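# Structural overview for review
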Amino acid sequence: MAERPEDAAVERFERYLDALLGGGRPSPEDVADANEAEMARTAAELSGAVGAPDPDPAFVEQLRLRMRQADQGIASVQVPPPTRPRLVESDTSSSRVRLTRRQLLQTGLVGAAGLAAGVVGASVLGTGRALPGDLIWDDGSGLIAGQGFWSPVAMVADVAPGAAVRFSTAAFDGYVVNDGGEIRALSSVCTHMGCTLHFRSDWQDLRCPCHGASFDLKGELANGRDRWRQTGGYRGDAKAYPVALPPLVRPKVKVEDGQVFVWTAQV
Amino acid sequence: MANSVDRPHNATAPRGRFEEIYDAQVVPIYRFIYARVGNRPDAEDLTAQVFMRAVEQLDTSREEGQIASWLYRVAQNAIADYWRAFYRLPLVGTEQVAVGWEPMAPSASGESAPTQSEADADRSHARVQHLLHRLPEHYARVLELRFLQRLSVAETAERMGITRGNAKVLQYRALRKAALLGETDG
């Protein structure tokens, strides 16, 4: 077919249609102007007119849980008893936990994988000194204001480097992650619209199923425009996530007796 | 999240009522939205927005019809916001609807959600048929194959005895024409 000025527009708009009809999420980026926006809307209505399906039961249940959780948060009804609310002074200003070699050995983590152990060792040794005992700490995430308690959420042994474990407390849901030997807790609520993030081990990120935001294991947006510019892209994503998002909430964590605890606000 | 005591809520509303409302409304609201965005991920996303907003703001002591109306208005606004992202311009045609209890339709209490939803499905089906009938035949055909029968571009091209490139162009023009007809329909 001869090249026409229209061809480029047709090809671009086809991407919108492909996503729409292929069960994916169509992107406004493939829609150039108000005329095409009307076309997109017409296409969406044509697509939606063919017997709107019932929602996926898994989606319905997941949303029910989210609502229940939010509802309970608002009602302030769940107040589990504090577990050993022992606060430890510390001079570190991040919410990560540095595992000592002793702790790692105790939990068998070092032996978990040769490569991983190397990474853990480097990280621990890199701090220059062992931090005291089973301490933890801290951050400024606001979750620690007022009363709270430590909630056990995972076994350290289950969180090998590069792994993540989901947890759920009365106040919030999240993941315990092991970022090259550093244990961290991250909220699994996307800071865009509150969708539930899922962990992708291949990518070492928390991904939002709603609009495709990815957060790294420090809780920072990983595929936003700024980062994209610095790094030249994000694995597997065709384009940068268009909105600058605040980092994920990072509750305090501590490790004690081979268990990971997060500091949960008394709601 | 955690410290949400200062969020607006109705402390006296019976708990558990939400789940009743949710069970009754999630399917019709989802379908209402799906009919307007045409794809599952966005329909799920907007449905979640509607109900998460309901958790914060819905007065569950209202009667069923009023609650349904409220949910549909919130859904309509969410859909308008959604399309606004595609226009990147102030949206003409899809008005924001005030979400409050005041501008309640007088008949609202008599309308149950499924009735609204079914009527809505019939309406959008009828609109599509009406639209296709008013298009030139080959335009209607390409849209029928691609959207109603859900064929790929390649399959559509084969059925119509044209190249894939031509099928894409035809589809593009058909949508442009259909969009214009849709606008004049009001």
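Our subject in this report is the structure included herewith. These figures come from a predicted structure and were not determined experimentally. (Residues numbered from 1 in each chain as written. Chains lettered and ligands numbered in written order. Predicted model: local features only at pLDDT ≥ 70, side-chain atom pairs only at ≥ 80, totals over all residues.)

### Some words on the overall build of chain A
Along its length, chain A carries six helices and 10 strands. Relative to its full complement of 267 residues, chain A shows a buried share of 38%. Within chain A, counting contacts between residues at least 6 apart in sequence, those at least 24 apart form 58% of the total. (Helix = DSSP H or I, 4+ residues; strand = E, 2+ residues; numbered from the N terminus. Buried ≥ 20, exposed ≤ 12 C-beta atoms within 10 Å, placed from the backbone. Contact = placed C-beta atoms within 7 Å.)

### Digging into helix 1 (residues 17–37) of chain B
Residue and element names in this part refer to chain B. Compared with an ideal rise of 1.5 Å per residue, which puts 21 residues at 30 Å, helix 1 spans 29 Å between its outermost C-alpha atoms and is within 8% of the ideal. For helix 1, the principal kink sits at glutamine 25 and spans about 45°; a proline, proline 28, occurs within the next four residues. Trailing helix 1 by a residue or two, glycine 38 shows a phi angle of about 70°, which is positive. (Expected span 1.5 Å × (residues − 1). Bend = angle between axes of the 7 residues up to and from the residue.)

### Quick notes on the packing of helix 2 (residues 34–49) of chain A against helix 1 of chain B
In a pair of packed helices, the angle between the axes and the distance between the axes together describe the arrangement. Contact pair helix 2 of chain A / helix 1 of chain B: the axes reach a minimum separation of 5 Å and the direction vectors enclose 135°. On the basis of their axis angle, the class for helix 2 of chain A and helix 1 of chain B is oblique. On helix 1 of chain B, the residues touching A:Ala44, A:Glu45, A:Gly48 and A:Ala49 of helix 2 of chain A are B:Tyr34, B:Ala35, B:Arg36 and B:Val37. Of the residues in the contact of helix 2 of chain A with helix 1 of chain B, the class split is five nonpolar, one polar and two charged. (Axes fitted to C-alpha atoms, helices over the stretch in contact; angles between N-to-C directions. Parallel < 35°, antiparallel > 145°, perpendicular 65-115°, else oblique. Nonpolar A, V, L, I, M, F, W, Y, C, P; charged D, E, K, R; others polar.)

### What to know about the sheet that holds strand 8 (residues 214–215) of chain A
All names here are of chain A. Strand order in the open sheet formed by three strands is 6-7-8, with antiparallel pairing between adjacent strands. The open sheet has two free edges, formed respectively by strand 6 (198–200) and strand 8, since each of these has just one partner strand. In this structure, strand 6 lies alongside strand 7 (residues 205–207), joined through three bridges in antiparallel fashion. Counterpart to arginine 200 in the pairing with strand 7 is aspartate 205. (Pairing = 2+ DSSP bridges.)

### Observations regarding the pairing of strand 4 (residues 173–179) of chain A
Residue and element names in this part refer to chain A. The buried fraction of strand 4 amounts to five of the seven residues, a majority that puts the element mostly inside the structure. Strand direction decides the pairing type here: strand 3 (residues 164–168) and strand 4, joined by five bridges, are antiparallel. Counterpart to arginine 166 in the pairing with strand 4 is tyrosine 175. Counted along the chain from strand 3 to the antiparallel partner strand 4, the turn is four residues long. Two strands pair when backbone bridges link them, and strand 4 and strand 5 (residues 182–187) are joined in this way by six bridges, in the antiparallel orientation. The residue of strand 5 that forms the bridge with glycine 174 is serine 187. Hairpin remark: strand 4 followed by strand 5, antiparallel, with two residues in the connecting loop; positive phi at glycine 180, about 55°.

### Describing the interface of chain A and chain B
Contacts between the two partners involve 55 residues from chain A, matched on the other side by 57 residues from chain B. The set of elements that each furnish at least two residues to the side of chain A that touches chain B consists of helix 1 (5–21), helix 2 and helix 3 (57–75) of chain A. When residues of the side of chain A that touches chain B are assigned to their parent elements, the largest contribution, 15 residues, is made by helix 2 of chain A. Within the side of chain A that touches chain B, the residues separate by chemical class into 36 nonpolar, nine polar and 10 charged.

### Focus: helix 2 of chain A
Given a rise of 1.5 Å per residue, 16 residues ought to cover 22 Å, and the 22 Å separating the end C-alpha atoms of helix 2 of chain A matches this to within 8%. Here helix 2 of chain A lies mainly inside the structure; 14 of its 16 residues are buried.

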